[in-house]
Amino acid sequence: MTREDPNKSALIISGAFKVLLKEGLPHLSYDRVAQAAGVTRQLVRYYFPTPEDLMMTLCEQMADTYREAMINGINHHEGRDRLDVFFDFYFDVLDGTPKPRDDQAYDALLSLSAGSDRLRNTLRDQYTLLGQVVSHELRLQYPDLPLPACTEISYLFVVIMYGHWKMVASLGLSESHRLVSRRAIDRLIASYRSVPETIDDAQVWKAEV
């Protein structure tokens with residue numbers, strides 16, 4: 001029996017890591033997309049000459065779905081604080097307005113963004129806009145919170161929300177943990193309001209969410 005070489009094993013693991021960092025997961029094949037859509041492979045290639053074109057369009061349509069659902073949720077729950085509706089929607093505890101079940105698709109897009117500047121920039125812009133909206137709504141509902149604090153909370157919201165749903169989609173954790181995550185946002189806001197402190201503008205994440 002040939003003894004395994006730990007050095008070669010380490011090289012293989014290192015190589016796999018580098019590939020993942022550079023390229024992400026493979027794109028969906030045209031054949032699989034065509035099969036699922038009930039069209040020919042040639043038609044898919046006609047509308048989307050490259051896999052990146054296909055993924056970019058998918059990413060933009062998923063963002064549109066969120067915008068429409070969020071607008072409908074606010075209209076349906078008129079009279080409630082907009083910020084509460086916003087948070088409840090993104091943690092899927094808003095009655096009558098379910099959050100889209102697309103987290104596995106977003107996981108795939110995030111992985112694919114490792115090899116696509118276009119996709120990475122689009123996703124970053126989407127999450128940046130989300131954070132900016134949250135920061136604005138925080139400022140309106142809690143005038144006592146300084147703008148830098150609103151910016152920090154908005155960033156933490158995006159991190160907690162994204163992290164929760166990725167754990168559910170990728171690792172199979174129970175969706176019931178959304179209640180823990182949702183309550184954490186309220187506690188986070190309360191902590192910022194109860195302990196006023198001076199935040200150095202230079203330390204606040206400004207350019208992006």
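The rules behind the values
- Residues numbered from 1 in each chain as written.
- Predicted model: local features only at pLDDT ≥ 70, side-chain atom pairs only at ≥ 80, totals over all residues.
- Heavy atoms only, no water.
- Helix = DSSP H or I, 4+ residues; strand = E, 2+ residues; numbered from the N terminus.
- Expected span 1.5 Å × (residues − 1).
- 1 Å grid on protein atoms, 1.4 Å probe; cavity = no way out; pocket = protein on both sides within 12 Å on 5 of 7 lines; lining within 4 Å.
- Points joined across faces, edges and corners; volume = space filled by probe spheres on them.
- Nonpolar A, V, L, I, M, F, W, Y, C, P; charged D, E, K, R; others polar.
- Axes fitted to C-alpha atoms, helices over the stretch in contact; angles between N-to-C directions.
- Parallel < 35°, antiparallel > 145°, perpendicular 65-115°, else oblique.
- Contact = heavy atoms within 4.5 Å.
- Patch = residues over 30% accessible without salt bridge, like charges linked within 9 Å, V, L, I, M, F, W, Y side chains within 5 Å.
- Areas by Shrake-Rupley, 256 points an atom, 1.4 Å probe, with all protein chains shown as cover.
- Salt bridge = Lys/Arg side-chain N within 4 Å of Asp/Glu carboxyl O.
- Buried < 20%, exposed > 50% of the residue type's maximum accessible area, 1.4 Å probe, protein only.

1. Considerations on helix α8 (residues 147–171)
The first and last C-alpha atoms of α8 sit 35 Å apart over 25 residues, in line with the 36 Å expected at 1.5 Å per residue. Positive phi appears at Gly172, one or two residues downstream of α8, with a value of about 80°.

2. As for the layout of surface pockets
Computed from the structure, the largest pocket encloses a volume of approximately 470 Å³. What lines the largest pocket is a set of 23 residues, among which Tyr66, Arg67, Tyr90, Gln126 and Leu130 lie closest to the centre. Counting only elements with at least two residues in the lining of the largest pocket, the list comes to α4 (51–76), α5 (82–90), α6 (103–112), α7 (117–141) and α8. For the lining of the largest pocket, the per-class residue count stands at 15 nonpolar, one polar and seven charged.

3. Things to note about the packing of α6 against α8
Interhelical geometry of α6 versus α8 gives an angle of 100° and a closest axis separation of 9 Å. The pairing of α6 with α8 is recorded here as roughly perpendicular in orientation. For the pair α6 and α8, the contacting residues are Asp103, Gln104, Tyr106, Asp107 and Leu110 in the first and Tyr162, Trp165, Lys166, Ala169 and Ser170 in the second. Residue composition of the contact of α6 with α8, grouped by class: five nonpolar, two polar and three charged.

4. Structural notes on a nonpolar patch on the surface
A cluster of nonpolar residues, Val39, Leu43, Tyr46 and Tyr47, forms a patch on the protein surface that exposes about 450 Å² of accessible area. You can see Val39 is positioned in the loop between α2 (30–37) and α3 (41–47). Taking the relative accessible area as the measure of exposure, Val39 reaches 36% and is therefore partly exposed.

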